[in-house]
Amino acid sequence: MTGVETKPNWYRLCYVDDLVPQSGVCALLERAGEEDQQIAVFYLPEEREQLFALGNYDPVGKAFVLSRGIVGDLQGHLVVASPLYKQHFDLRTGRCLEDQSISVPVYQVRLADDRVEICA
Amino acid sequence: MSVLKVVVVGNGMVGHHFVTTLAKKDLDVEIIVLGEEPRIAYDRVHLSEVFAGREASDLALASLDTYAELGITTRLGDPVVSLDRETKVVVTQSGARFNYDMLVLATGSYPFVPQVPGADHPRCLEYRTIEDLEAIKSAALGSKRGVVVGGGLLGLECANALQNLGLDTHVVEFAPGLMSVQLDAPGSQQLRTRIEGLGITVHTSKNTTNIKSVGSKSLRMEFADDSSLNTDLIVFSAGIRPRDELAKASDLVTGERGGIVINEHCITSDPSIYAIGECALHEGRVYGLVAPGYRMAETAADRIAGGSACFTGADMSTKLKLLGVDVGSIGDAHAQTVGAQVCALSDEQAGTYKKIVISSDGKKLLGAVLIGDCDNYDTLLQYQQNDIALPDTPVSLITPASGTPLLAANALPKTATICSCHNVTKGCIIDAIEAGCGSLADVKANTAASTGCGGCATMLKSLVDDELAARGVVIDKSICEHFPHTRQELFHIAKINSLQSFEDMITHAGTGKGCDICKPAIASIMASLWNDHILKPSLVSQQDTNDTFMANMQKDGTYSVVPRIPGGEITPEKLIVLGEVGKKYDLYTKITGAQRVDLFGAQLHQLPDIWRELTDAGFETGHAYGKALRTVKSCVGSTWCRYGVQDSVGMAILIESRYKGLRAPHKIKSAVSGCTRECAEAQSKDFGVIATENGWNLYVGGNGGMRPRHADLFATDLDDATLIRYIDRYLMFYVRTADRLQRTSTWLDSLEGGLDYLKEVVIDDSLGIAAELEEQMSHLVNTYQCEWKTALGDPEMLKRFRRFVNSDGNDKGVQFVRERGQKRPARDDERDDVIAVAS
């Protein structure tokens, strides 16, 4: 997150049909001149935000897997559990519930008609 | 009464602990924090993790917002430069003046740099602050070698940091050994061996006399013994010196070798001024560890709030991981107590060294040194701190053969420290329970016990369980926060009410949205009851990733594929198909312990293609990913073997074909042996069958793995039909009544009435449910489908098998290297750096 500051932009990521309710999928954020980034997009239609986006990289298990975790709530936080070692990451803040010093990136994400857009 | 004005100089870990402790007290107080560093207090202890990829900002212990919420005024990046005790005023560098009623000096320390010519060279650095880290990082760019001066605790931490930066790392120590304060000579030697094994070069008994510039970016260190060492940068980490200049300038009493003298209340020679942490000198001693600093902070906060706390010195026992090596030091590690006796065990092969120091009468533990294995640290610390009488043969405390003789929680006195991070005693925990804490989570939230390093978790749990049980409290057996029920209860709720989805279950019997504990548990119950396809839309979000993708996730996020090979019997043609598929998709191929073939390294999008080829060749899914029947292993039996008395392969195939796909609380394994020689190892299985002259003997509740258990003989000389009937009932009874993730072995052990009761239920039908159990099993057998075959025919289900939903791009996170002719996941040090992109 260091380096030259660039103004965040909205990017089209995928279609709403690509999403799985109550679960996650992985989408690739491709931007000219930047490394591709794996984004885990979670679709919880009954929540106010409906969509949540985290970095797909699990810093504990050290693999790109968070989109494949189980979604739920714990102690009032909406979370995804890493499929590798089961740490829980807050869908709203990216914080790891088991270790407050660990977190994953969180992205703003929105629905524009049938498109999912991400701010990065 | 006017508001008490407390000014705190310094915002390190101890200063931070002080202000948060004081702010939470019920006291009318104005707190002003003045810090030299530009950022709010951070975790200096874990500084080296910044080199291992952690963000510096992640180390922060608080934020300005949290300080503001606590009513604390904070001024950072502006050090206090003068102190007038007469008028009770401090002045910062920028000229800001602050009056105080009470002043707390938490100015910390600075790294000691020996007075060596050349030590002021710009490539000679220090290691204490985040700014120091930035300087080390930029100096390391383009450098090959880095030297740490100092082989103590901090020095080795720093060596770890340099190695993480990719430097050829050397440690130069003045003393003859590493960590000479905490370790004895053999312990120090063992540590050295381990560290050198990691590629770090250690130089001891080296007195640096000169540091010369060689060219623009290199240095040469010259030592008193005429040897020398070339390097690109040097980091000094050879101990600390208290920051006492402010105290000296204002004539507070300081020690000869530095440090602000304090009494047991942490008050300096001026009754309005406290000093805490590394700047303070207590009974001739400066404490360079964080825990004693915290105790001082608590003492000072308590006194200011009108309490009577005392700081009586602190235990310097330490347990830590240095460069991945466990190191522990307790009490009198050097056996300096008169008459002390020593027991030591050195295992050069395992790279461990353990020593205990015992009082002359052999009754008390005085100290200990542990290298390479700190499992016994907590127990030894309890013995030493609480003067607990040692066993008759104290050496048993460190011998591996006897196992760790854990000190039971109920043997400890109330004064025993359970959690040393937060200084929580057994007494505190009992008080918390007396005051109404009714669960482990309550106790943790209330006392902070076990919320630091977590090393005391096991002991805390057993203490809390014991204390609650002693009070007649029923231990909460809810599977998670969403359902106040056991798995067995949930099974009955689902069955009686015909609930068919997770949503139905949570509406009917739970709260919230569910989690990774209850969702798969209920998915498994649904499967055992109704046997729908696991990728049915209403079920898909409840499955663990292995069930969702019908493959086993490996450490790098790729999957392994295990086709079913019933009984371990396979035709050459099918074996060739496995080989061809493995070759085509470049899969790592291994024979499993269960007579199957495992194909590793498949990516999500490859799974359907792989399975299409496998199902075309007649393979079915092996359910290696599910909590389900895995495999029925067999020996070759009477068909070929000279000793076999029954066709064990035929029976194994019959059993495996019958129960394949059966979802259960945990995985189920089985085996069939063709004679009493038991080559299929059936007695280590959840259920095992061994041939006799007259039929089959059935064994139940066996297990290999972590807690091996020999299966119990359940029934003898059964004919085929009776054998299957008993297995039907046994398995279904287990599926209904076991806890989540409880194997048959522990289920049987926990079953009230044990084996005899199980025989009554299964053989004598004492509960009158045998017909129902059989009927339910036959429903499951009749509704079996190969999950992969069904999925391949359903484009909606296959939609999930995409690496990325919006791109066919490669997953750069998945990287392989080749070893012994096959691929395997790349280790961290073999990977291209794609992680940085992700974080």
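Definitions and limits used
Residues numbered from 1 in each chain as written. Chains lettered and ligands numbered in written order. Predicted model: local features only at pLDDT ≥ 70, side-chain atom pairs only at ≥ 80, totals over all residues. Heavy atoms only, no water. Axes fitted to C-alpha atoms, helices over the stretch in contact; angles between N-to-C directions. Helix = DSSP H or I, 4+ residues; strand = E, 2+ residues; numbered from the N terminus. Left-handed = near helix turned anticlockwise from the far one by under 90°. Contact = heavy atoms within 4.5 Å. Nonpolar A, V, L, I, M, F, W, Y, C, P; charged D, E, K, R; others polar. Buried < 20%, exposed > 50% of the residue type's maximum accessible area, 1.4 Å probe, protein only. Core = buried A, V, L, I, M, F, W, Y, C linked by side-chain atoms within 4.5 Å. Domains from an automatic or database assignment. Salt bridge = Lys/Arg side-chain N within 4 Å of Asp/Glu carboxyl O. Buried area = accessible area lost by both parts, 1.4 Å probe. Polar contact = N/O pair within 3.5 Å; in protein donor to acceptor, adjacent residues only side chain to side chain.

### Quick word on the packing of helix α1 (residues 13–23) of chain B against helix α7 (residues 290–304) of chain B
Residue and element names in this part refer to chain B.
Piece 1. Interhelical geometry of α1 versus α7 gives an angle of 35° and a closest axis separation of 8 Å. Viewed along their axes, α1 and α7 form a crossing whose handedness is right-handed. In contact with M13, V14, H17, F18, T21 and L22 of α1, α7 contributes V290, G293, Y294, A297, E298, A300, A301 and I304.
Piece 2. Of the residues in the contact of α1 with α7, the class split is 10 nonpolar, 3 polar and 1 charged.

### Considerations on unusual backbone geometry
All names here are of chain B.
Piece 1. The phi dihedral of K88 falls on the positive side, at around 55°, and the residue is not glycine.
Piece 2. By secondary structure assignment, the location of K88 is in the loop between β4 (80–84) and β5 (89–92).
Piece 3. Residue classification places K88 among the partly exposed residues on the basis of a relative accessible area of 28%.
Piece 4. In the Ramachandran plot, S498 falls in the positive-phi region, its phi being about 50° despite a non-glycine side chain.
Piece 5. Position of S498 relative to the elements: it lies in the loop between α12 (487–496) and α13 (502–509).

### Points about the nonpolar core
Residue and element names in this part refer to chain B.
Piece 1. One finds F483, I655, F687, L698 and L758 to be the most contacted residues of the largest nonpolar core, which totals 63 residues.
Piece 2. Counting residues per element, this core draws most heavily on helix α20 (residues 720–737), which supplies 10 residues.
Piece 3. Taken domain by domain, this core gets at least three of its residues from each of domain 3 (487–543) and domain 5 (629–782).
Piece 4. In this structure L698 touches F687, G688, V689, D712, L713, F714, A715, L718, L723, Y726 and I727, once residues within four positions along its chain are discounted.

### A few points about the pattern of salt bridges
All names here are of chain B.
Piece 1. For the coordinates displayed, the defined rule picks out 48 salt bridges over all chains.
Piece 2. A salt bridge links E196 to R192, with the shortest nitrogen-to-oxygen separation between them at 3.1 Å. Placement of both E196 and R192 in helix α5 (residues 185–197) is noted, with a separation of 4 residues, approximately one turn of the helix.
Piece 3. Residue D225 is joined to K206 by a salt bridge in which the shortest nitrogen-to-oxygen separation is 2.8 Å. With D225 in the loop between β14 (218–223) and β15 (228–231) and K206 in the loop between β12 (201–203) and β13 (208–214), this residue pair connects regions lying 19 residues apart in the sequence.
Piece 4. Here D225 falls in the partly exposed class, since its relative accessible area comes to 44%.
Piece 5. For K206, a relative accessible area of 16% corresponds to the buried category.
Piece 6. One salt-bridge network, held together by shared partners, links E819, R820, R824, R827, D829 and E830.

### Topic: the domain arrangement of chain B
Piece 1. Along its sequence, chain B is carved into domain 1 (4–110 + 242–304), domain 2 (113–238), domain 3 (487–543), domain 4 (550–626) and domain 5 (629–782).
Piece 2. Each of domain 1 of chain B and domain 5 of chain B has a C-alpha centre, and the two are 67 Å apart.

### A look at the interface of chain A and chain B
Piece 1. Taken together, the contacts link 42 residues of chain A with 44 residues of chain B.
Piece 2. In total, chain A and chain B occlude about 3400 Å² of area from one another, counting both sides; carbon and sulfur atoms represent 53% of this.
Piece 3. Looking only at chain A, the three residues that lose the most surface to chain B are R68, I70 and D73 of chain A, adding up to 20% of its buried area.
Piece 4. With a closest N to O distance of 3.2 Å, D544 of chain B and K86 of chain A form a salt bridge.
Piece 5. Scanning the region where chain A abuts chain B turns up 19 residue pairs in polar contact (both at pLDDT 80 or more).
Piece 6. For the side of chain A that touches chain B, the secondary structure elements donating two or more residues are β1 (10–15), β2 (23–29), β3 (37–43), β6 (63–64), β7 (70–74) and β8 (77–81) of chain A.

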